[in-house]
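# Structural description and commentary
One-letter residues, chain by chain:
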Amino acid sequence: MDVKALQRQLRDFAAARDWQPYHTPKNLAMALMVEAAELLELFQWLTPEESRSLTIDVADKERVADEIADVLLYLLQLADHTGVDLEQAVLAKLAKNARKHPVAGGREYK
Ligand SMILES: [Mg+2]
């Protein structure tokens, strides 16, 4: 997945529709949370077992995939519009998490 190419594609998509004025960091963060809620709604009230099997059915799996994609698309746009290098931020956060939560026995995260 080429993150920067996807971000360019999203900017072009928005520009072609004159949506740039609406793509402020605040609005993108809000849209991200709305999409996360739509994803959550698919799992709402399911038992743990039902949630694990939700994606067995093709139509259900497509709905889950659509919402996961919506979340990622807004996350990509939010990172783009806030100047956050997503790949760098993810790698830095993984390293921070490894330092914060060391493996029992002292193995190092690489
Ligand atoms: Mg959605």
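- In the annotation of an unreviewed UniProt entry, the entry for the chain reads MazG nucleotide pyrophosphohydrolase, and the organism field reads Alicycliphilus denitrificans.

## A look at the packing of aromatic side chains
- As enumerated under the stated definition, the model contains one aromatic pair in all.
- A ring pair is formed by F13 and W19, whose centres lie 5.6 Å apart and whose planes are at 65 degrees; its orientation type is edge-to-face.
- Among the residues examined, W19 registers a relative accessible area of 36% and is labelled partly exposed.
- Cation over ring: R17 sits above F13, and NZ or CZ is 3.5 Å from the ring centre.
- Its guanidinium or amino end placed over the ring of W19, R17 lies 6.0 Å from that ring's centre, counting from NZ or CZ.

## Some thoughts on the nonpolar core
- Formed by V3, L10, L76, A79 and L86, the largest nonpolar core amounts to five residues.
- Only helix 1 (3–16) and helix 4 (58–82) provide two or more residues apiece to this core.

## Focus: the layout of surface pockets
- Roughly 250 Å³ of internal volume is contained in the largest pocket.
- Breaking the lining of the largest pocket down by element, the ones donating at least two residues are helix 1 and helix 4.
- Residue contributions to the lining of the largest pocket peak at five residues, all from helix 1.
- Along the lines of polarity and charge, the residues of the lining of the largest pocket split into seven nonpolar, three polar and two charged.

Rules used in this analysis
- Residues numbered from 1 in each chain as written.
- Predicted model: local features only at pLDDT ≥ 70, side-chain atom pairs only at ≥ 80, totals over all residues.
- Heavy atoms only, no water.
- Phe/Tyr/Trp six-rings, centres within 6.5 Å; stacked < 30°, edge-to-face > 60°.
- Buried < 20%, exposed > 50% of the residue type's maximum accessible area, 1.4 Å probe, protein only.
- Lys NZ or Arg CZ within 6 Å of the ring centre and 35° of its normal.
- Core = buried A, V, L, I, M, F, W, Y, C linked by side-chain atoms within 4.5 Å.
- Helix = DSSP H or I, 4+ residues; strand = E, 2+ residues; numbered from the N terminus.
- 1 Å grid on protein atoms, 1.4 Å probe; cavity = no way out; pocket = protein on both sides within 12 Å on 5 of 7 lines; lining within 4 Å.
- Points joined across faces, edges and corners; volume = space filled by probe spheres on them.
- Nonpolar A, V, L, I, M, F, W, Y, C, P; charged D, E, K, R; others polar.

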